[in-house]
Amino acid sequence: MKLTVAQKLAVMISGAVLALIVVGINGIVQLRLANEKIQEFNQNTLPSIDVIDEAMTATQRLRANAQTYVFSDDPAQVADYEKRTLDYSKKIAEILKRYEKLVSNETDREQLEADKAAQSAVHAVVEKIQEKMHANQRPQAQAITLNELRTVTTKLADVLDVHSRYNEKLAEDMHLASERDMARAWKLSVFLMLAGMLIAVGLGLNFARMLQKQLGGEPNEVAQAARAIAEGDLTVL
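Residues numbered from 1 in each chain as written. Predicted model: local features only at pLDDT ≥ 70, side-chain atom pairs only at ≥ 80, totals over all residues. Heavy atoms only, no water.

Caption draft 1: Quick look at the overall build of the protein chain. Secondary structure summary: the protein chain contains five helices and zero strands in total. Counting over 237 residues, the protein chain shows a buried share of 32%. For the protein chain, restricting intrachain contacts to residue pairs at least 6 apart in sequence, the fraction spanning at least 24 positions comes to 76%. Of the roughly 14,800 Å² of accessible surface on the protein chain, 60% is carried by carbon and sulfur atoms. (Helix = DSSP H or I, 4+ residues; strand = E, 2+ residues; numbered from the N terminus. Buried < 20%, exposed > 50% of the residue type's maximum accessible area, 1.4 Å probe, protein only. Contact = heavy atoms within 4.5 Å. Areas by Shrake-Rupley, 256 points an atom, 1.4 Å probe, with all protein chains shown as cover.)

So this is what it looks like as structure tokens:
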């Protein structure tokens, strides 16, 4: 099909515009994907790390308060640290309950269940210590604190640490994936821009050759010949 000059020009412009549109759409898509990863990190991964750290801190404070509870000779201090110890035990359970909304996958859920199991063991020992203290069996309460409580709180701290490291690995993987996506998007955008430029240049050169062929020469030379003929100079023919 033979195209007119206007049609050829329209094809050239359309090709260039299409290439730019594709580049723009690719950029929008990649930015949206990157934004989704950032939102997931801010709304899930980062809070997950913070919550587990909060549980680890509460575990350390529980152990310290329990020791003061069973070794203090001040009745007022004993009552105060008994309450603090129980409060920290309950606080850890509440923290892990909050974490349920942040679970990201099945592995994360399994680790949360391990955290809860370790916390339950800690709470059981705390109640055992409290029972001995109320029965005026301080030496037994002290022995339980130094042995059983230390064992179960260490276990809880260990599983929380494993969980925290898992969340940190998720955050690192997400960061690397985001960097790969951005690098891939950049390469694709550069490729599409270069392809668009090559298409535009190719269409432009082709258009110029076809125009020259139809006019019989360069446009300015044809125009000069036309003016000369209009003035009566036929030597240009």
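Picking up after the structure, the text goes on.
Caption draft 2: Structural view of the nonpolar core. With 33 residues, the main nonpolar core has Ile-129 and Leu-149 as its most contacted residues. Among the elements of the structure, α1 (5-71), α2 (75-99), α3 (106-134) and α4 (138-215) are those that each provide at least two residues to this core. Considering every element that reaches this core, the biggest residue donor is α1, with nine residues. What Ile-129 contacts, discounting residues up to four positions off in sequence, is Tyr-69, Val-70, Ala-141, Ile-144, Thr-145 and Leu-149. (Core = buried A, V, L, I, M, F, W, Y, C linked by side-chain atoms within 4.5 Å.)

Caption draft 3: Representation of α2 in the model. With 25 residues, α2 ought to run about 36 Å at 1.5 Å a step, and its terminal C-alpha atoms sit 36 Å apart, in line with that. The distance from a side-chain oxygen at the start of α2 to the backbone nitrogen of Ala-76 is 3.1 Å, and the residue carrying that oxygen is Asp-74. (Expected span 1.5 Å × (residues − 1). Polar contact = N/O pair within 3.5 Å; in protein donor to acceptor, adjacent residues only side chain to side chain.)

Caption draft 4: Representation of unusual backbone geometry within the structure. Positioned with a positive phi, Asn-136 is a non-glycine residue whose angle comes to about 60°. Among the secondary structure elements, Asn-136 is positioned in the loop between α3 and α4.

Caption draft 5: Molecular detail of the packing of α2 against α3. Two elements in contact, α2 and α3, have axes separated by 10 Å at closest approach and are oriented at 165°. Relative to α3, the element α2 is oriented roughly antiparallel. Between α2 and α3 the crossing geometry is left-handed. Side by side, α2 and α3 meet where Val-78, Glu-82, Thr-85, Leu-86, Ser-89, Lys-90, Ile-92, Ala-93, Leu-96 and Tyr-99 of the first sit next to Asp-108, Leu-112, Asp-115, Lys-116, Gln-119, His-123, Val-126, Gln-130, Met-133 and His-134 of the second. Broken down by class, the residue content of the contact of α2 with α3 amounts to nine nonpolar, six polar and five charged. (Axes fitted to C-alpha atoms, helices over the stretch in contact; angles between N-to-C directions. Parallel < 35°, antiparallel > 145°, perpendicular 65-115°, else oblique. Left-handed = near helix turned anticlockwise from the far one by under 90°. Nonpolar A, V, L, I, M, F, W, Y, C, P; charged D, E, K, R; others polar.)

Caption draft 6: Spotlight on the pattern of salt bridges. Applying the stated criterion to the full structure yields eight salt bridges. Linking Lys-97 and Glu-100 is a salt bridge whose minimum nitrogen-to-oxygen distance equals 3.4 Å. For Glu-148, the salt bridge goes to Lys-128, with nearest N and O atoms at 3.0 Å. In this pair, Glu-148 is assigned in helix α4 and Lys-128 in helix α3, connecting sequence segments 20 residues apart. Take Glu-148: its relative accessible area is 32%, and that puts it in the partly exposed class. In this structure, a network of salt bridges that share partners links the residues Lys-97, Glu-100 and Lys-116. (Salt bridge = Lys/Arg side-chain N within 4 Å of Asp/Glu carboxyl O.)

Caption draft 7: Representation of the side chain of Asn-65 within the structure. Structurally, Asn-65 is set in helix α1. Other than its neighbours up to four places away in sequence, Asn-65 contacts Tyr-81, Arg-84, Thr-85 and Tyr-88.

Caption draft 8: Quick look at the environment of Ile-52. When you line up the elements, Ile-52 lands in helix α1. Judged by relative accessible area, Ile-52 falls into the buried class, the value being 0%. Sequence separation of Ile-52 and Ile-92 is 40 residues, and the distance between their C-alpha atoms is 9.6 Å. With residues up to four places along the chain from it excluded, the contact list for Ile-52 reads Tyr-99, Asp-115, Leu-160, His-163, Ser-164 and Asn-167.

Caption draft 9: Layout of α3. A rise of 1.5 Å per residue sets the reference length of α3, with its 29 residues, at 42 Å; its end C-alpha atoms lie 42 Å apart and thus fit the reference within 8%. For α3, every residue scored as buried is listed here: Asp-108, Gln-111, Leu-112, Asp-115, Ala-118, Gln-119, Val-122, Val-125, Val-126, Ile-129, Gln-130 and Met-133. The opening residue of α3, the one whose side-chain oxygen lies 3.2 Å from the backbone nitrogen of Thr-107, is Asn-105. Of the residues one or two after α3, Asn-136 is the one with positive phi, at around 60°.

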